[in-house]
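Geometric and topological summary
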Amino acid sequence: MKYILALDAGTTSNRAILFDQLGNIHSVAQKEFQQFFPHPGWVEQNPKEIVSTTLAMAVEAIVQGNIPRESIAAIGITNQRETTIVWDRKTGEPIYNAIVWQCRRTADQAEELKKKGYTNAIREKTGLVIDAYFSATKIKYILDAVPGSYERAKKGELAFGTVDSYLLYHLTGGKVHATDPSNACRTMLYNIVEEKWDEEILELLDIPKEILPEVKDSNALFGESDPQLFGRSIPISGILGDQQAALFGQMCFDKGEVKNTYGTGAFVLMNTGGEPIFSQHGLLTSIAWKLKGEISYALEGSIFTCGSAISWLKNEMNFIEKPEDSEKMAQSVEDTNGVFFVPAFTGLGTPYWDSNARGTLLGLSNGTKKEHIVRATLESIALMSYDVIHAMELDSGIEHSLLKVDGGVAKNEFLLEFQANILQEEVQRSKTLESTALGACFMAGLGVGLYKDTEEIKKMCEDNTIFTPNMDLSTRNEILSRWHNAIKTASYFGDGTKLPEED
Ligand code: ADP
């Protein structure tokens with residue numbers, strides 16, 4: 001039996017998972033690391049702590065796994081995307097803390113680019129909407145903040161990378177400075193059509209191209225790990241950003257396949273094949289991966305509130321003691337008794353895009369019980385997901401037939417049954433909810449030839465649970481139409497919302 005070490009560098013914790021070659025989890029080690037909030041809305045991490053916890057977890061997973069080191073065929077990396085690190089190319093020392101994707105400190109710079117009229121140009125080149133979320137304005141911020149860094153950057157003394165690049169640099173003992181297209185495309189500097197760093201955007205932001213990593217295929221042989229780290233050198237042969245890794249781990253290898261990861265927020269991705277689709281409904285266009293020279297694109301939508309709404313029911317409302325209580329409570333009533341809840345705590349994401357919308361509870365009566373509100377909360381997650389998937393279908397013209405799901409909230413079977421009813425299609429939950437790490441494992445396995453191709457991966461026995469729709473169409477349509485009214489009401493507090501055309 002061969003094994004693959006997947007390093008999952010997340011936003012709040014780093015995880016190492018040793019998978020056997022059949023995709024079963026053999027051992028896991030996980031550790032949280034520190035977050036810094038120097039000002040309201042600012043988020044930083046210590047890049048060296050990201051590396052030290054990842055390496056420590058890798059060693060722990062290997063020790064726990066108790067397998068011969070020679071049987072580890074490859075290392076795969078998956079990571080929080082967009083988070084920006086600039087370091088000294090010689091020493092590996094960061095010149096500033098990592099600026100995390102959530103950090104809003106460059107919102108004004110992003111706004112200025114919009115005001116100057118670059119929205120369409122940036123979208124056509126990068127597939128993204130201009131936002132502080134992506135790496136570009138964060139790199140500029142660091143170069144501006146650290147004296148002398150522009151000159152050093154131009155001389156080739158500094159390196160920029162997302163978390164995958166910084167880990168790769170340290171895993172290879174400082175030898176390799178590279179990334180893959182699924183990460184490069186989230187910097188807002190990478191031209192996803194021409195597949196290269198975009199000279200015009202670099203010039204616009206005054207970012208020296210000397211600091212950029214080389215972009216290799218997602219299954220490239222990126223380098224070998226320093227033999228001192230794990231007792232022998234291991235090839236690093238797969239890199240994917242976290243959401244694309246989940247799409248790959250869910251085996252959405254073909255055009256039209258869709259996955260939804262229900263975590264703190266929810267992320268829906270559709271594989272759109274070899275051509276990028278530029279959205280009319282506020283979805284982002286990303287590179288899903290580049291595998292053996294062949295590129296696949298994805299449409300991506302984000303739902304800001306998912307598991308965080310369940311946490312709110314528990315922590316603020318005291319309606320539930322544990323997240324899993326929500327399932328039984330929702331099932332204990334026949335329906336929501338006319339209650340609709342829009343959990344727009346931090347505004348509304350795809351496809352509504354109203355950052356000033358706020359949470360809204362409608363349809364209360366004397367008979368409303370907390371069970372109805374709990375049920376309405378779970379239903380809202382499925383309804384928001386429906387709206388994203390529907391927008392994807394409108395953009396792509398692809399009618400998909402199955403939704404693959406993972407993430408912590410996907411443990412909730414009430415939610416998945418309701419999701420199937422609203423979509424009027426099957427929902428498939430994979431046995432392992434660790435799709436992100438599994439995606440990195442598959443990619444690294446393809447990189448070293450442990451798997452011949454994706455067809456071979458597909459044949460691996462997967463013990464999935466399928467949820468089938470059993471709601472009549474008129475009830476479903478009635479719920480959807482009342483939901484869309486609820487969304488408009490939530491937006492009453494905001495800037496007005498956009499709804500995709502109804503069915
Ligand atoms: P992330 O990766 O974003 O940290 P996870 O995928 O680990 O998130 O999911 C954590 C979320 O799942 C928490 O918000 C928790 O409230 C929610 N959760 C866990 N179990 C259930 C359940 N049975 N029903 C509903 N929500 C759940």
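Since we're looking at a predicted model, the values are computed, not measured.

Structural notes on the overall build of the protein
- Of the regular secondary structure elements, the protein holds 17 helices and 23 strands.
- Projected onto its principal axes, the C-alpha positions of the protein cover 70 × 55 × 40 Å.
- Burial status across the protein gives 60% buried among its 503 residues.
- Considering only contacts in the protein between residues 6 or more positions apart, those separated by 24 or more positions represent 71%.
- Here the protein has roughly 19700 Å² of accessible surface; of this, 48% comes from carbon and sulfur atoms.
- If the 48 positive side-chain charges of the protein are averaged to one point and the 69 negative ones to another, these points end up 4 Å apart.

With respect to unusual backbone geometry
- In this model, Thr350 is joined to Pro351 through a cis peptide bond whose omega is -10°.
- The backbone phi angle of Asn66 is positive, close to 50°, even though this residue is not glycine.
- Along the chain, Asn66 falls in the loop between helix 1 (47–65) and strand 5 (72–79).
- Positive phi, normally seen in glycine, also occurs at Glu195, with a value near 55°.
- Take Glu195: it is sitting in the loop between strand 10 (190–191) and strand 11 (196–197).
- For Glu195, a relative accessible area of 28% corresponds to the partly exposed category.

Quick notes on the pairing of strand 15 (residues 258–262)
- Judged by how many residues are buried, strand 15 sits mostly within the fold: 5 of 5 residues are covered.
- A two-sided burial pattern is seen for strand 15, the buried positions comprising Val258, Asn260 and Tyr262 on one face and Lys259 and Thr261 on the other.
- As defined by bridge partners, strand 15 adjoins strand 16 (residues 266–273) across 5 bridges and the pair is classed as antiparallel. Residue Thr261 lies in a different strand from strand 16, and its bridge partner there is Phe267.
- Taking the residues between adjacent antiparallel strands as the criterion, strand 15 and strand 16 are bridged by 3 residues.

Side note on helix 4 (residues 135–145)
- Within helix 4, 8 of the 11 residues are buried, leaving the element largely enclosed by the surrounding structure.
- Here helix 4 has its buried residues at Ser135, Ala136, Thr137, Lys138, Ile139, Tyr141, Ile142 and Leu143.

Examining the site of the ligand
- The local shell around the ligand holds 13 residues, among which Thr264, Gly307, Gly408, Val409 and Asn412 are the closest.
- Within the side chain of Ser311, a nitrogen or oxygen atom sits 3.5 Å from an oxygen atom of the ligand.
- Within the side chain of Asn412, an N or O atom sits 3.1 Å from a nitrogen atom of the ligand.
- About the coverage of the ligand: the protein hides 67% of its 580 Å² of free accessible area.
- Broken down by element, the residue count for the shell around the ligand peaks at 3 residues, all from helix 11 (residues 307–315).
- Looking at the shell around the ligand, its residues break down into 3 nonpolar, 8 polar and 2 charged.

Details of helix 3 (residues 119–126)
- Turning to helix 3, its buried residues are Ile122, Arg123, Lys125 and Thr126.
- Check the buried side of helix 3 and you find it contacts strand 10, helix 8 (199–205) and strand 17 (284–291).
- Looking one or two places after helix 3, you find Gly127, whose phi comes out positive at around 80°.

Let's talk about the sheet that holds strand 16
- Here we have 7 strands laid out as an open sheet, ordered 17-18-16-15-21-22-23, and mixed in their pairing. If you trace the sheet from one side to the other, it starts and ends with strand 17 and strand 23 (465–467), each paired once. Neighbour to neighbour, the strand axes of the sheet diverge by 30° on average, direction disregarded.
- This element, helix 14 (residues 413–423), spans strand 15, strand 21 (402–406), strand 22 (426–429) and strand 23 of the sheet and lies at about 150° to strand 22.

Some points on the pairing of strand 8 (residues 158–161)
- With burial as the criterion, each face of strand 8 is covered, one bearing Leu158 and Phe160 and the other bearing Ala159 and Gly161.
- Where strand 6 (residues 85–88) meets strand 8, 4 bridges bridge the pair, whose relative direction is antiparallel. The residue bridging Ile85 from the neighbouring strand is Gly161, located in strand 8.

Topic: the packing of aromatic side chains
- Enumeration over the complete set of coordinates arrives at 14 aromatic pairs.
- Between the aromatic rings of Tyr190 and Trp197, the centroid separation amounts to 5.2 Å while the plane-to-plane angle is 80°, which identifies the pairing as edge-to-face. Trp197 matches Tyr190 in its accessibility class, with the two residues each being buried.
- Among the aromatic residues, those joined into a ring-pair cluster are Trp42, Tyr96 and Tyr141.
- Directly above the ring of Tyr141 sits Arg105, whose terminal nitrogen or CZ lies 4.9 Å from the centroid.

Conventions adopted
Residues numbered from 1 in each chain as written. Predicted model: local features only at pLDDT ≥ 70, side-chain atom pairs only at ≥ 80, totals over all residues. Heavy atoms only, no water. Helix = DSSP H or I, 4+ residues; strand = E, 2+ residues; numbered from the N terminus. Buried < 20%, exposed > 50% of the residue type's maximum accessible area, 1.4 Å probe, protein only. Contact = heavy atoms within 4.5 Å. Areas by Shrake-Rupley, 256 points an atom, 1.4 Å probe, with all protein chains shown as cover. Lys, Arg positive; Asp, Glu negative; His and termini not counted. Charge placed at Lys NZ, Arg CZ, Asp CG, Glu CD. Pairing = 2+ DSSP bridges. Near = heavy atom within 4 Å. Polar contact = N/O pair within 3.5 Å; in protein donor to acceptor, adjacent residues only side chain to side chain. Nonpolar A, V, L, I, M, F, W, Y, C, P; charged D, E, K, R; others polar. Axes fitted to C-alpha atoms, helices over the stretch in contact; angles between N-to-C directions. Phe/Tyr/Trp six-rings, centres within 6.5 Å; stacked < 30°, edge-to-face > 60°. Lys NZ or Arg CZ within 6 Å of the ring centre and 35° of its normal.

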